[in-house]
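# A closer look at the structure
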Amino acid sequence: MSDPATMEHGSSRAEFHDLYPPYKRFHIETKTAPHRKQIPNPFYPRVRKVGLVKIVLNDFLRYGVKGFRKEYRNAVLSRPCIYGVFDSKVGGLMPRRQYCTGCMRCVLEYPNVCSVDRNPEFARFGDSYWVPDDPSLAFSSPMWVVNYEASTGKIPIKGMGFKGAFAGDEWDSMWTDMSEIVRPTRDGVHGREYISTLVDLGRKPSVVSPGESSEYRVASIPVPILFDFLPGSLANDSVQESIRLAAERIPTIFVDVAGLIAELPKSQLRSFAPLIDEGFGDMEWERLARVAMIEVSEGMFDRVSEDIRESAPGVPVFLRLNLRRGCKDKVAELERVVDGFHLIADFHGREFEVDSPRFVKDALHEIHIGLVELGARNETTLIVGGGIILAEHVPKAIIMGADAVSIDTSLLVALQAEFRGDVRSRRSKNVKHESFSPEWGAQRVVNLVASWHAQLIEVLSAMGMRDVRRLRGDVGRAMFNEDLEKEAFADIDRA
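Read on for a plain summary of the structure.

What follows deals with helix H7 (residues 237–249). With 13 residues, H7 should cover 18 Å at 1.5 Å per step; its first-to-last C-alpha distance of 18 Å lies within 8% of that length. The complete set of buried residues in H7 reads Ser238, Val239, Gln240, Ser242, Ile243, Arg244, Leu245, Ala246 and Ala247. Tucked into the core, H7 has its buried residues touching strand S6 (225–227), strand S7 (254–257), helix H8 (266–269), helix H13 (409–414) and helix H14 (438–463).

Relative to the assigned elements, Phe229 resides in the loop between S6 and H7. Here Phe229 falls in the buried class, since its relative accessible area comes to 15%. Sequence spacing of Phe229 and Leu275 is 46 residues, and the spatial spacing of their C-alpha atoms is 8.1 Å. Residues contacting Phe229, with those up to four places away along its chain left out, are Val255, Asp256, Val257, Leu275 and Arg426.

Here the second largest pocket defines a volume of roughly 510 Å³. As for the second largest pocket, its lining consists of 17 residues, and the residues nearest its centre are Asp277, Arg320, Asn322, Arg426 and Arg427. The leading source of residues in the lining of the second largest pocket is strand S10 (residues 317–322), at three residues. In terms of residue class, the lining of the second largest pocket is made up of six nonpolar, four polar and seven charged.

Burial along strand S1 (residues 43–47) is one-sided: Phe43, Pro45 and Val47 are buried, and none of Tyr44 and Arg46, which face the opposite way, are. As judged from the five bridges shared by S1 and strand S2 (residues 114–118), these two strands associate in the antiparallel manner. When the bridges of S2 are listed, Arg46 appears paired with Ser115.

Attention shifts here to the side chain of Lys204. Secondary-structure assignment places Lys204 in the loop between strand S4 (199–203) and strand S5 (217–221). No salt bridge is formed by the buried Lys204. Its closest oppositely charged neighbour is Asp403, at 5.2 Å. For Lys204, the side chain forms a polar contact with the main-chain oxygen of Gly202, separated by 3.0 Å. Engagement of the side chain of Lys204 in a polar contact is seen with the side chain of Thr381, the distance being 3.0 Å. Sequence-distant contacts of Lys204, defined by excluding residues within four places in its chain, comprise Tyr216, Val218, Asn378, Glu379 and Thr381.

Counting 135 residues, the largest nonpolar core has Leu201, Phe227, Ile253, Ile294, Phe341, Leu343 and Val384 as its most contacted members. Contacts of Phe341, omitting those with residues within four sequence positions, involve Phe318, Leu319, Leu321, Val331, Leu334, Glu335, Thr380, Thr381, Leu382 and Ile383.

Scanning all chains against the criterion turns up five aromatic pairs. When the ring of Trp171 is compared with that of Phe359, the centres are 5.4 Å apart and the planes differ by 80 degrees; the resulting orientation is edge-to-face. On the criterion of sequence distance, the pair formed by Trp171 in the loop between helix H6 (142–152) and strand S3 (174–176) and Phe359 in the loop between strand S11 (340–344) and helix H11 (360–374) is long-range, its members being 188 residues apart. On the accessibility criterion, Trp171 (3% relative accessible area) is buried.

Conventions adopted
- Residues numbered from 1 in each chain as written.
- Predicted model: local features only at pLDDT ≥ 70, side-chain atom pairs only at ≥ 80, totals over all residues.
- Heavy atoms only, no water.
- Helix = DSSP H or I, 4+ residues; strand = E, 2+ residues; numbered from the N terminus.
- Expected span 1.5 Å × (residues − 1).
- Buried < 20%, exposed > 50% of the residue type's maximum accessible area, 1.4 Å probe, protein only.
- Contact = heavy atoms within 4.5 Å.
- 1 Å grid on protein atoms, 1.4 Å probe; cavity = no way out; pocket = protein on both sides within 12 Å on 5 of 7 lines; lining within 4 Å.
- Points joined across faces, edges and corners; volume = space filled by probe spheres on them.
- Nonpolar A, V, L, I, M, F, W, Y, C, P; charged D, E, K, R; others polar.
- Pairing = 2+ DSSP bridges.
- Lys, Arg positive; Asp, Glu negative; His and termini not counted.
- Salt bridge = Lys/Arg side-chain N within 4 Å of Asp/Glu carboxyl O.
- Polar contact = N/O pair within 3.5 Å; in protein donor to acceptor, adjacent residues only side chain to side chain.
- Core = buried A, V, L, I, M, F, W, Y, C linked by side-chain atoms within 4.5 Å.
- Phe/Tyr/Trp six-rings, centres within 6.5 Å; stacked < 30°, edge-to-face > 60°.

Structure representation (structure tokens):
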């Protein structure tokens, strides 16, 4: 019998693994990064004291003498919360509201005794896009969710007893298809089967003939999330350095001013996308070939395109376009000139320069369909940014036609920037600047992306998909409130 410790041709198992190392799943390393300042809890639990006392007395009567033993007594006095809201010395008579997670278990079990309302202090905090005015949306407040994700790197689970509206506007008018019963092959975050979240950004020729050179210029990143440019009015040195460090560690790509190319170390150049816009000055063109990708504003492309192709022939070049009416025609006109487009909405996800701006998902889908009709969708990359502030927005944007997304104000919220009113435009100055450790900031951003990556995998696994690139433009994987309402009203009319 052969030795089980030996492999084919007499090589040892150790030598075999040196030649063929086992596959390692892509993983983003997280570490707790506590809040540097506590934000108000959006949840405000209330208890009817008489009703609570009746519940406690009934429990003691039911348990009898056993109810006075420590383990029984602690369980009874902490009811009906498992997170410690009612764990004070007098139980629920003096709730510790800072521990409420919005799970709504207390409301489900004792609807006549417990309720969870919106915290009025939290309602006064920040931007209206981040803290919705509608009280029923307090339990899904993006501000609270992103701070939790940035602090822990975990997936927030809350609101199982949510009593708000079933549908809303913008991203909330769209739901992803989670038919795990129909497609039972699931991976999940810790599953045995691999789900790829890698995307290629750049030009990918659909046909390459033998003997012909192909223009294959791509930058590959393991998760379809980039960090968009934040001007100095919104991001100070601490914020910008945190973003650069996080992009290097994940790794992904960050967009920043082109002049930064002379200052960055080589390790960060591989994650850098210089933005060449109207404020463009002197630049070390010889370092341009080392960056991940290049972005050029619409007004600068004709002036610098030749210099870019000469200095960095293998680097993908993206045209940065503000979303507005007519973008579809602009993309169709230039899709063979550039390697991709970075489509930008305002920070609330709306188009620019129009009286009735559409939301980013509708403008994006129009451009995606336009490229499909041209037969050029597979060759061209679309990155979309603006209004993407929650993990669920990433797969939704990809379903509507994006290859990848860029995030902006989510980074500020993860770093606990303080908004002093609405922040819609990159020219806004409604952000309070604070200094902090870039190491702490980088970990917060890494945790945020790790949480979003895990949630993206959960969505893909529930759909039975093993590659995020298959999700692009697949609107059959989503349901839209407008379509469902039309069907419902049509059924009513027929009845």
